[in-house]
Amino acid sequence: TECVSGCVCPEGLFDDGRGGCVEEKDCPCTHNNEWYSSGDKITVDCNTCTCQKGVWSCTDDVCYGTCMIYGSGHYNTFDGKFYDFDGSCEYVATQDFCGDKTSSSSFSIITENVPCGTTGVTCSKAIKMFLGVSDDTQSNKEYKEIQRDVGDDVHYGNRTVGLYLVIEASNGVMLIWDKKTTVFIKLSPDYKGKVCGLCGNFDDKSNNDFTTRSGLQETNALKFGNSWKQSPMCPDVTQEIKPCDLKPHRKSWAEKECSIIQSEVFKICHSKVDPVPFYEACVHDACSCDSGGDCECFCSAVAAYAQECTKAGACVFWRTPDIC
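Residues numbered from 1 in each chain as written. Predicted model: local features only at pLDDT ≥ 70, side-chain atom pairs only at ≥ 80, totals over all residues. Heavy atoms only, no water.

## Points about the packing of helix α3 (residues 248-258) against helix α5 (residues 276-288)
A pair of packed helices is captured by two measures, namely the crossing angle of their axes and the spacing between those axes. Packing of α3 against α5 leaves a shortest axis separation of 8 Å and a crossing angle of 140°. Judged by the inter-axis angle, α3 sits oblique to α5. Along this stretch, α3 crosses α5, giving a crossing that reads as right-handed. Contacts between α3 and α5 involve Arg250, Lys251, Trp253, Ala254, Glu255 and Cys258 from the former and Tyr279, Cys282, Val283, Ala286 and Cys287 from the latter. A breakdown of the residues in the contact of α3 with α5 according to their chemical character gives 8 nonpolar, no polar and 3 charged. (Axes fitted to C-alpha atoms, helices over the stretch in contact; angles between N-to-C directions. Helix = DSSP H or I, 4+ residues; strand = E, 2+ residues; numbered from the N terminus. Parallel < 35°, antiparallel > 145°, perpendicular 65-115°, else oblique. Left-handed = near helix turned anticlockwise from the far one by under 90°. Contact = heavy atoms within 4.5 Å. Nonpolar A, V, L, I, M, F, W, Y, C, P; charged D, E, K, R; others polar.)

## A few points about the sheet that holds strand β7 (residues 55-58)
Pairing is antiparallel across the open sheet formed by 3 strands, whose spatial order is β5-β6-β7. Two strands bound the open sheet, and with one partner strand each, they are β5 (41-44) and β7. Across this sheet, the average inter-strand angle for adjacent strands is 35°, counted without regard to direction. As defined by bridge partners, strand β6 (residues 47-52) adjoins β7 across 4 bridges and the pair is classed as antiparallel. Across the sheet, residue Cys49 finds its bridge partner in β7, namely Cys58. (Pairing = 2+ DSSP bridges.)

## Thoughts on the packing of aromatic side chains
Inspection of the entire model under this criterion finds 13 aromatic pairs. Taking the centre distance of 5.7 Å and the plane angle of 70° together, the rings of Tyr83 and Phe224 count as edge-to-face. In this pair, Tyr83 sits in strand β10 (residues 82-84) while Phe224 sits in helix α1 (residues 221-227), placing the two residues 141 residues apart along the sequence. With respect to burial, Tyr83 and Phe224 carry one shared label: buried. Seen from their ring centres, Phe107 and Tyr191 are 5.2 Å apart, and the 75° between their planes marks the pair as edge-to-face. (Phe/Tyr/Trp six-rings, centres within 6.5 Å; stacked < 30°, edge-to-face > 60°. Buried < 20%, exposed > 50% of the residue type's maximum accessible area, 1.4 Å probe, protein only.)

## Details of α3
Within the span of α3, buried status applies to Arg250, Ala254 and Cys258. For α3, the arc enclosing every buried residue in end-on projection is 55°, short of the 170-degree limit, so these residues lie on one face. With respect to the buried face of α3, the exposed residues turned more than 90 degrees away are Pro248, His249, Ser252 and Lys256. Those residues of α3 that are buried are in contact with α5 and α6 (294-311). (Arc of directions from axis to C-beta.)

## As for α6
In this model, α6 (18 residues) spans 26 Å end to end at C-alpha, consistent with the 26 Å of a helix rising 1.5 Å per residue. Along α6, the positions that sit buried rather than exposed are Cys297, Phe298, Cys299, Ser300, Ala301, Val302, Ala303, Ala304, Tyr305, Ala306, Glu308 and Cys309. The inward-facing, buried residues of α6 abut β8 (65-70), β9 (74-76), β17 (182-187), α3, α4 (267-270) and α5. A positive phi of about 85° marks Gly313, the residue just after α6. (Expected span 1.5 Å × (residues − 1).)

## Concerning the nonpolar core
Core analysis: the biggest nonpolar cluster contains 37 residues, and Phe78, Tyr83, Phe107, Ile109, Ile185 and Leu187 have the highest contact counts within it. Where this core is concerned, the elements lending two or more residues are β8, β11 (90-95), β12 (107-115), β13 (122-131), β15 (164-169), β16 (173-177), β17 and α1. Leave out the neighbours within four places in its chain, and Phe107 touches Thr94, Gln95, Asp96, Phe130, Leu131, Gly132, Asn171, Val173, Leu187, Tyr191 and Val195. In this structure, Ile260, Cys287, Cys309 and Ala312 belong to the second largest nonpolar core, which totals 34 residues. (Core = buried A, V, L, I, M, F, W, Y, C linked by side-chain atoms within 4.5 Å.)

## Brief notes about the pairing of strand β14 (residues 156-161)
Judged from the 6 bridges that link them, β14 and β15 form a sheet pairing that is antiparallel. Across the sheet, Asn158 pairs through a bridge with Ile167, a residue of β15. The hairpin formed by β14 and β15 contains 2 residues between the paired strands, and Gly162 there has a positive phi angle of roughly 60°.

## With respect to the pattern of salt bridges
Under the criterion given, the structure shown has 10 salt bridges. When the shortest N-O distance is used, the salt bridge between Lys229 and Asp236 registers 2.6 Å. Residue classification places Lys229 among the buried positions, given a relative accessible area of 15%. Of the residues examined, Asp236 reaches a relative accessible area of 46% and is grouped as partly exposed. (Salt bridge = Lys/Arg side-chain N within 4 Å of Asp/Glu carboxyl O.)

## Focus: the side chain of Asp96
Of note, Asp96 is situated in the loop between β11 and β12. The side chain of Asp96 is buried and forms no salt bridge, while Lys194, the nearest opposite charge, is found at 8.7 Å. Within the local environment of Asp96, its side chain forms a polar contact with the backbone nitrogen of Phe107, the two atoms lying 3.3 Å apart. (Lys, Arg positive; Asp, Glu negative; His and termini not counted. Polar contact = N/O pair within 3.5 Å; in protein donor to acceptor, adjacent residues only side chain to side chain.)

## Remarks on the sheet that holds β15
Across the sheet, which stays open at both edges, the 7 strands sit in the order β10-β9-β8-β17-β16-β15-β14 with antiparallel pairing between neighbours. The sheet terminates laterally at β10 and β14, the two strands that pair on one side only. The mean inter-strand angle of the sheet, taken between neighbouring strand axes irrespective of direction, is 15°. Contacts from α6 reach β8, β9, β15 and β17, with the element oriented near 170° to β8.

By themselves, these observations are geometric and do not establish any function.
Set out below in structure tokens:
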């Protein structure tokens, strides 16, 4: 609509975004607001992308799925559905015996949730991992670690990586735990659509993750969560707990601390991973941890967002001597 004063590139050359003119084959690419020269490679999840003539060309490998359970009852399923569920009981986080009579169970992971703080929210106290084949996972509730006479032996090893304990099994199941309140469950692509539990069904669709133990689709997180409890003796969860309403004096502190998630510090990640659910979860946790461990709850909540950022290829250095 109007002329703009400035320099343009000669015929056949292109503006490289850095004030220079290059041939088409040397056009750079951008990722996370950073420029990469032609031929540069970056890793996104488990795939490698190469910059070619200004466009990313990526490998098409199927990646491991990750489910994250952290803080006081926050779940991010294999398919990326984010929800809260505060139940005090043992629950099936994920298992591959899902009512299909022909399938033999090769694993199940159970999370034991207990109240943390005085508001009634719950945190994961113990994670149990069952590997190998058990008779009938549904009815007898007896898990044997590995039954030698049927099915395959499942071998596993554990190692420590930084803050985390990592348990890796030969059947494509991996458990990563920070020894506090965060656990990641990673599954190989072979399990796509074949698992069930609080972590969803890993079929790349998040709208059907609330499938109850009896196979029904639920819209309500509480009804869905209640269906996966291990013992019928545990009470059902009937209402969502809002700790900031119960502890209003903690609310402004929680909001101030958690604002780091929406601040400049994480700016590079905001376009990749929506900060809002992580911010809300952080405020929820910072309000609810009122019997010690304030910083731990807050730090776990921020670390959960940082972890998702790293997965999306946005590395954020947020820990400082003052913060966590």
